[in-house]
Amino acid sequence: MQHTATGCSAFDNQPPYRPTKKNGEPKEFYRSAYRRPKWSDAFPCVLQGSDGMGGMVTCHPGRELPDGTYSDARAYTILELLRSYALPEDFPFPAWASDDENLLRDVLGEAFAPLLVKNILLNMPR
């Protein structure tokens, strides 16, 4: 992903920098997989399993570095996912869940944006 520009998919990279399986074979091509969103785009939908980069636009947008590669070749962090929902950074996850990052990602992947719901409810006819 360090060779993938903001707004592009790693499948657009030159062959040595395209996604491959462990055995070296090319991975299946999905336009939304291994894709960095544009900074100006809306935050992508958060899905379960957001810990990898092969999901639907789960990669950080990154910034071009002086050497021509891109920063943040990674999936979004839990903090970034919380911010995408406009939830507080110190969101009160239960203690029994707070150490299980996969559980938090799955729960956030099933959530909905609270401010969006608030605006919908405020504008619904009674």
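Reading the values: the criteria
As a convention, each chain's residues are numbered from 1 in the sequence order in which they are written. Owing to the predicted nature of the model, reporting of local features is limited to residues with pLDDT of at least 70; listing and counting of side-chain atom pairs is limited to 80 or more, with chain, interface and lining totals taken over all residues. Note: side-chain values were computed over all heavy atoms of the structure, leaving out hydrogens and water. Any two of the Phe, Tyr and Trp rings considered here, Trp counted by its six-membered ring, make a pair once their centres fall within 6.5 Å; the pair's planes then place it as stacked at under 30 degrees, edge-to-face at over 60, or tilted in between. Classification of residues uses two cut-offs on accessible area relative to the type maximum, computed with a 1.4 Å probe and protein chains only: under 20% is buried, over 50% is exposed, and between them is partly exposed. Each patch groups residues whose relative accessible area exceeds 30% and which form no salt bridge, using 9 Å between like charges and 5 Å between nonpolar side chains of Val, Leu, Ile, Met, Phe, Trp and Tyr. To be clear on the numbers: accessible area is Shrake-Rupley with a 1.4 Å probe, and residue cover counts the displayed protein chains and nothing else. The rule for a salt bridge is simple: a side-chain nitrogen of Lys or Arg has to be within 4 Å of a carboxyl oxygen of Asp or Glu. Secondary structure is summarised from DSSP: a helix means a run of H or I of at least four residues, a strand means a run of E of at least two, and numbering begins at the N terminus for each.

Engineer: It is not clear to me how the packing of aromatic side chains should be interpreted in this structure. Could you clarify?
Structural biologist: Taken as a whole and assessed by the stated rule, the structure comprises 3 aromatic pairs. Taken together, a centroid distance of 4.9 Å and an interplanar angle of 65° make the contact between F91 and F93 edge-to-face. For F91, a relative accessible area of 32% translates into the label partly exposed.

Engineer: Can you walk me through a nonpolar patch on the surface in this structure?
Structural biologist: A cluster of nonpolar residues, L116, I120, L121 and M124, forms a patch on the protein surface that exposes about 390 Å² of accessible area. Tracing the sequence through the fold places L116 in helix α3 (residues 114–123).

Engineer: Got a minute to help me understand unusual backbone geometry in this structure?
Structural biologist: One can expect most non-glycine residues to show negative phi and most peptide bonds to be in trans. Despite not being glycine, D72 has its phi angle at roughly 55°, a positive value. Position of D72 among the secondary structure elements: in the segment before α1 (78–84). For D72, a relative accessible area of 28% translates into the label partly exposed. Positive phi, normally seen in glycine, also occurs at A86, with a value near 60°. Secondary-structure assignment places A86 in the loop between α1 and α2 (101–109). Judged by its relative accessible area of 45%, A86 is partly exposed.

Engineer: Please explain the pattern of salt bridges as it appears in this structure.
Structural biologist: Note on pairing: side chains with opposite charge can pair once their charged atoms come close. Inspection of the entire model under this criterion finds 5 salt bridges. E25 serves as the salt-bridge partner of K21, at 3.9 Å between the closest nitrogen and oxygen. Relative accessible area serves as the criterion here: at 41%, K21 is assigned to the partly exposed category. Salt-bridge contacts for E80 lead to R74; the nearest nitrogen and oxygen are separated by 2.9 Å. Using a relative accessible area of 25% as the deciding quantity, one classes R74 as partly exposed.

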